[in-house]
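# Close look at the chain arrangement
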Amino acid sequence: MQMINKTIVIVFTFILFGASMGFAQIGSDGNEILLQGGYVLSMDSEIGDLTSGDVLIRDGQIIEVGASIDAPQAQVIDATGMVIMPGFVETHWHMWESSLRGMANDAAEYFYYSEVLTPHYTPEDFHAAVRYAALDAINAGITTVHNWAGVQNDFENVQAEMQALVESGLRAKMGYLAIIEGEMTGGAELNRAIDWVNENGEQRLSLSLLLDGVQAVQMQTATELGRTLNLWPITDHSGGLGTPEVSGEEFIVTHGPGLTPEAIEIMVEKDIKVALSPLIDPMIGGGLPPVYELLAGGVPLENISFSVDVSAQTPVDPFASLRAMVNSARMQQVEANQAGITAGTLRIPAPGTEWLFSYRDALLTGTYGGANVLGLADQIGSLTPGKRADVIMVNMNMINMLPLTDVNIPMQLIQHGLPANVDTVIIEGKIRKLNGEIVGVDMQQVINEAAQSQTEIRNRADEVIDTGR
Ligand SMILES: [Zn+2]
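Computed from a predicted structure; not experimentally measured. (Residues numbered from 1 in each chain as written. Predicted model: local features only at pLDDT ≥ 70, side-chain atom pairs only at ≥ 80, totals over all residues.)

### Observations concerning the sheet that holds strand S6 (residues 88–89)
Keep this limit in mind: In this analysis, strands are considered paired if DSSP registers two or more bridges between them. The helix and strand labels rest on DSSP assignments: H or I over at least four residues marks a helix, E over at least two residues marks a strand, and numbering proceeds from the N terminus.
Here five strands make up an open sheet; going across it, the order is S6-S7-S8-S11-S12 and the pairing parallel. Each edge of the sheet is formed by a strand with only one pairing partner; in this case those strands are S6 and strand S12 (234–235). Judged from the four bridges that link them, strand S7 (residues 142–147) and strand S8 (residues 171–177) form a sheet pairing that is parallel. The residue bridging Val145 from the neighbouring strand is Ala172, located in S8.

Here is the structure:
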């Protein structure tokens, strides 16, 4: 039975991966792309915003950002009515669960289904789910993800997820568990993953080390292992706050509604980063992302990021995530300082209230902040010449926006932006979305495979789960 399964897996894998080989030809590697005449939101403090500007890309790199660039050889993409900005960076996402969409109504159901269904995944299920999630990300303008993988009892599962990430065209961190079935990783399996990434990662994939399940007494050893292998991030879900003597700049606190002032003090002292889950935590009733508390407590803006967390439950939508962060920060700020609020059913803060977390701050956390949290700020996160070309164009000439440049552009993006406004996505200099359409991928097939995968997983788990809900 085992042998038959493996054979089927290999054949299936070959079909899937073979079919995607043409995808590698897409884009402009070795050529130039000129994004012309858009509102450039560089997120680079020296360049700032350009009301009308160009961005030149060559060999996967940002070459120039300026008011008017002459590049006669370049493929020109008209950016009239568009915002040109760095791609969004998310920092904590259990991507294998994306195909369980529609199943987990709250936290209890999420944990239940994770427990009973995950053991029934095959490598092709992991592949289908991660590929589905990855294309959802690209479609929404997210160019980098941190795949917080969680099931690595078989290298085939790990490989299937890594293969799906590379095929999709995303830049990604693949989280590798430091503890697998009670045993510390460190030997052959982890090195095998590193070798695979070096050989197949196309300079877009790298590994992080996940410490979930590591006992306090093993934290030092596990962290040193990650540091020796230059992995980044190295972290558990709590950012190592349980062992602050070990924790440091490679660690990420996830979620955050339960953070105490004392914990925030440790985060500041140790340069520990944050991956908020601004859509999941309110959805499960856990609380709002504590943006105001973090900033008021001294956590630097560039250490704060958003994460998708569980796309089976909430949408892959960087605009909605950042919107939730801005709105939460405002509520928390008003709550912390009651002065100036009108009485009655409508509570209105006093005119002239200065918001601690601005729209531009939110965009920074969604781009440069995410890059900094993942240890990639020297490569991505802003439109800075010399950085890798992860660039998106957002179409402001749609019914939910106005194509004006003398208005608050960050506010328009965050309060009004939708994934549907993402017109163009370029990752490592390759065009992955153009004119609002994903390039070179049969999206219907990706959707069908994810849906079929969910059905098959549920059928296999039939003895323990009521699939008739
Ligand atoms: Zn998580």
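### Notes on the sheet that holds strand S15 (residues 304–306)
Quick note on the threshold: Think of each axis as a best-fit line through the C-alpha atoms, taken over the contacting stretch in the case of a helix, with angles from 0 to 180 degrees between the N-to-C directions.
If you walk across this open sheet you meet the three strands as S13-S14-S15, and the pairing is parallel. Where the open sheet ends on each side, the last strands, each with one partner, are strand S13 (252–254) and S15. Direction aside, neighbouring strands of the sheet carry axes that sit 25° apart on average. Alignment of strand S14 (residues 273–276) against S15, held across three bridges, turns out to be parallel.

### What about the environment of Thr118?
Along the chain, Thr118 falls in the loop between helix H2 (107–117) and helix H3 (123–139). As for Thr118 and Glu97, which are separated by 21 residues in sequence, their C-alpha atoms are 8.3 Å apart.

### Side note on the confidence of the model for the chain
Selection criterion: For every residue, the predictor states its confidence as a pLDDT score lying anywhere from 0 to 100. Two residues form a contact once the distance between their C-beta atoms, set from the backbone, is within 7 Å.
Here the chain averages 91 in pLDDT, while 91% of its residues score no lower than 70. For the chain, the element scoring lowest by mean pLDDT is helix H1 (residues 2–19), at 39; S6 scores highest, at 99. In this model residues 1–29 is a low-confidence stretch, pLDDT under 50, and it forms 30 contacts with partners more than four residues away in sequence or in other chains.

### A closer look at the domain arrangement of the chain
Formally: For every domain, the bounds stem from an assignment made automatically or drawn from a database. Under this grouping Gly is polar, as are all residues other than the nonpolar Ala, Val, Leu, Ile, Met, Phe, Trp, Tyr, Cys and Pro and the charged Asp, Glu, Lys and Arg.
Each domain of the chain was delimited in the assignment, giving domain 1 (31–84 + 389–437) and domain 2 (88–373). The C-alpha centroid of domain 2 is placed 26 Å from the C-alpha centroid of domain 1. At the junction of the two partners, domain 1 supplies 20 residues and domain 2 supplies 23 residues. Taken together, the elements giving at least two residues each to the side of domain 1 that touches domain 2 come down to strand S16 (391–395), helix H12 (409–416), strand S17 (422–427) and strand S18 (430–434). When the residues that make up the side of domain 1 that touches domain 2 are grouped by side-chain class, the tally is twelve nonpolar, three polar and five charged.

### Side note on the pairing of S17
The criterion, for reference: Counting other C-beta atoms within 10 Å of its own, a residue is labelled buried from 20 upward, exposed at 12 or fewer, and partly exposed in the gap between, with every C-beta atom placed from the backbone.
In terms of residue burial, S17 counts as a mostly covered element, since six of its six residues are buried. In this structure, S16 lies alongside S17, joined through four bridges in antiparallel fashion. Among the inter-strand pairings, Val391 is bridged to a residue of S17, identified as Ile426. Sheet topology places S17 next to S18; three bridges connect them, and they run antiparallel. Paired with Val425 across the strands is Lys433, a residue of S18.

### A look at the nonpolar core
Condition: In plain words, the nonpolar core is the set of buried Ala, Val, Leu, Ile, Met, Phe, Trp, Tyr and Cys residues that C-beta atoms within 7 Å link up.
The biggest cluster of nonpolar side chains holds 129 residues, and the ones touching the most others in it are Val55, Val83, Ile84 and Leu165. No other element matches H3, which puts ten residues into this core. The contacts of Val83, once residues within four sequence positions are left out, are Gly38, Tyr39, Leu41, Met393, Val394, Met396, Ile409 and Leu413.

### Topic: unusual backbone geometry
What you tend to see is this: most non-glycine residues have negative phi, and most peptide bonds are trans. In this structure, the amide linkage connecting Trp232 to the following residue, Pro233, adopts the cis form with an omega of -5°. Following the sequence through the fold, Pro233 ends up in the loop between helix H6 (219–228) and S12. For Asp271, which is not a glycine, the phi torsion comes out positive at approximately 60°. Position of Asp271 relative to the elements: it lies in the loop between helix H7 (261–270) and S14. Positive phi values are uncommon outside glycine, yet Asn435 reaches one of about 50°. Relative to the elements of secondary structure, Asn435 occurs in the loop between S18 and strand S19 (437–438). You can call Asn435 exposed: it has 10 C-beta atoms within 10 Å.

### Brief notes about H12
Buried within H12 are the following residues: Ile409, Pro410, Gln412, Leu413 and Ile414. Along its buried surface, H12 packs onto strand S1 (32–41), strand S5 (82–86), helix H10 (318–336), helix H11 (359–373) and S16.

### Section: the pairing of strand S11 (residues 205–210)
Quick reminder of the rule: When the strands point away from the viewer, a crossover counts as right-handed if the path from the first strand over the helix to the second runs clockwise.
The element S11 is largely enclosed, with a buried count of five among its six residues. In the sheet, S8 pairs with S11 via six bridges, with the strands oriented parallel. From the neighbouring strand, Tyr176 faces S11, where its bridge partner is Leu209. Of the crossover connections in this fold, the one passing from S11 over H6 to the parallel S12 is right-handed.

### What about the packing of H3 against helix H13 (residues 443–460)?
Counted only if it meets this: Put simply, angles under 35 degrees are roughly parallel, angles over 145 are roughly antiparallel, angles from 65 to 115 are roughly perpendicular, and the rest are oblique. Throughout, a crossing is termed right-handed when the near helix is turned clockwise from the far one, and left-handed when it is turned anticlockwise from it by less than a right angle.
Running from N to C, H3 and H13 point in directions that differ by 135°, and their axes come no closer than 9 Å. In this view, H3 runs oblique relative to H13, as classed from their interaxial angle. For the pair H3 and H13, the crossing hand works out as left-handed. Every residue of H13 that contacts H3 at Asp125, Ala128, Ala129, Arg131, Tyr132 and Leu135 is listed here: Met443, Val446, Glu449, Ala450, Ser453 and Ile457. Of the residues contributing to the contact of H3 with H13, the split by class is eight nonpolar, one polar and three charged.

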